[in-house]
Amino acid sequence: RADGLTLILPGIEGESLLNHDIVLGLVDAGVPGAIEIDDWTSGHPALGLWHLWDRRRHQRESRRIAERILRQHHEHPHAPIHLIGHSGGGAMVLLVLEQLPESVQVTTATLLNAAVSRSHDLSRALARLERGLWNFSAVGDWFFVTLGTLVCRSLDGVHTVCAGAWGFTPPPQSPGSWAGLHERPWNWRDVGRGHGGGHFGCTNRLFVSECVAPNLQPELEPNMQAFTS
């Protein structure tokens, strides 16, 4: 952890092979420091929908993870800290950032097909990031973060198509306030990296290694264009 800490927040299913593939992809790419899965769920996959709806758990667990980040920052103030969240875990990443004080910043945050509304206010989360927020989306994710969240609602409580499918919608009155957002939609080249455009391909080991990990490496330029108005 003295060399850095990357926390992976799983979706509403909890710790699974999907999250382990993310870890392996980061290891393959040589991301330095500790890489850990922080399961914010109850650990029972059958309670997935409850994990999506339980706002008390969201607040409690986001505070706990924020406190963990504060401890890491205190013990290793110069080490990078990265957050990666898949599906419901992507929405949890934003809640964690919103819990942090102004004096503490996370290096990067990455959302993979996040189950969060497109209009979610990112201003506080972006203010807690040194190098920005990467949102990986896929319009082919029609079942989980399109139809599923329209019916069952997103983790932030909105019946809507999510940012994990179509990206975020910036505030029209001040689009520049989201300058730290990097949108990365799915494209056909990702098929060769094991990501077919659905909900789970973004956790593929090869896709993570080639498309997600480079944004965590300080010596490499981010591999996608920042959001602009």
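Before any of the text, the structure's been laid out above.
Just so we're clear, the structure is a prediction, and the values are computed from it rather than from any experiment. (Residues numbered from 1 in each chain as written. Predicted model: local features only at pLDDT ≥ 70, side-chain atom pairs only at ≥ 80, totals over all residues. Heavy atoms only, no water.)

1. Structural notes on the pairing of strand 2 (residues 34-37)
Two strands pair when backbone bridges link them, and strand 1 (residues 5-9) and strand 2 are joined in this way by four bridges, in the parallel orientation. Residue pairing across strands places T6 opposite I35, the latter belonging to strand 2. Handedness of the crossover joining strand 1 and strand 2 through helix 1 (residues 17-28): right-handed. (Pairing = 2+ DSSP bridges. Helix = DSSP H or I, 4+ residues; strand = E, 2+ residues; numbered from the N terminus. Right-handed = clockwise from strand over helix to strand, strands pointing away.)

2. Examining the environment of G167
Structurally, G167 can be placed in the loop between helix 7 (163-166) and strand 6 (181-185). Along the primary structure G167 and E102 are separated by 65 residues, whereas in three dimensions their C-alpha atoms are 26 Å apart.

3. Re the sheet that holds strand 6
Taken in spatial order, the six strands line up as 2-1-3-4-5-6 in an open sheet, and their pairing is parallel. Looking at strand neighbours, the two that pair on one side only are strand 2 and strand 6, the edges of this open sheet. Recorded for the sheet is a direction-independent mean angle of 15 degrees between the axes of neighbouring strands. Sitting on the sheet, helix 3 (residues 55-75) is in contact with strand 1, strand 2 and strand 3 (81-86), with an inclination near 170 degrees to strand 1. (Axes fitted to C-alpha atoms, helices over the stretch in contact; angles between N-to-C directions. Contact = heavy atoms within 4.5 Å.)

4. Considerations on the pairing of strand 1
The two faces of a sheet get side chains in turn, since along a regular strand they alternate between them. Summarising burial for strand 1: five of the five residues are buried, a large majority. Residues of strand 1 alternate between two faces, with L5, L7 and L9 on one and T6 and I8 on the opposite face, all of them buried. Sheet topology places strand 1 next to strand 3; five bridges connect them, and they run parallel. Paired with L9 across the bridge in strand 3 is G85. (Buried < 20%, exposed > 50% of the residue type's maximum accessible area, 1.4 Å probe, protein only.)

5. Comments concerning the environment of H73
Relative to the elements of secondary structure, H73 occurs in helix 3. Remark: the alpha-carbon pair of H73 and G4, spanning 69 residues in sequence, is separated by 9.7 Å. If we skip the residues at most four places from it in the chain, H73 touches I81, S103 and V104.

6. Overview of helix 8 (residues 205-212)
Those residues of helix 8 not exposed but buried are F207, V208, S209, C211 and V212. Buried residues belonging to helix 8 abut helix 1, strand 3, strand 4 (108-112), strand 5 (133-137) and strand 6. Near the N-terminus of helix 8, the side chain that reaches the backbone nitrogen of L206, with its oxygen 2.9 Å away, is that of N204. (Polar contact = N/O pair within 3.5 Å; in protein donor to acceptor, adjacent residues only side chain to side chain.)

7. Some words on the nonpolar core
Ranked by internal contacts, the top residues of the largest apolar core, which has 35 residues, are I69, L83, L97, L133 and F168. Of all the elements in the fold, those that place two or more residues in this core are strand 1, helix 3, strand 3, helix 4 (88-99), strand 4 and helix 5 (123-127). Top contributing element to this core by residue count: helix 4, with seven residues. (Core = buried A, V, L, I, M, F, W, Y, C linked by side-chain atoms within 4.5 Å.)

8. Things to note about unusual backbone geometry
Unusually for a residue other than glycine, N113 sits at a positive phi of about 50 degrees. With respect to the helices, strands and loops of the structure, N113 is situated in the loop between strand 4 and helix 5. N113 sits in the buried class, given a relative accessible area of 0%.

9. Some details on the pattern of salt bridges
Tallied over the full model, the rule gives nine salt bridges. As a salt-bridge pair, R1 and E36 come within 2.9 Å of each other at their nearest N and O atoms. Here the residue R1 occupies a position in the segment before strand 1, and E36 occupies one in strand 2, the gap between them amounting to 35 residues. Across the salt bridge formed by D38 and R64, the nearest N and O atoms sit 2.5 Å from each other. Placement of D38 in the loop between strand 2 and helix 2 (48-53) and of R64 in helix 3 is noted, with a sequence separation of 26 residues between them. Judged by relative accessible area, which is 30%, R64 ranks as partly exposed. Ionic contacts of the salt-bridge type, sharing partners, join the residues R1, E36, D38, E61, R64 and R68 into one network. (Salt bridge = Lys/Arg side-chain N within 4 Å of Asp/Glu carboxyl O.)

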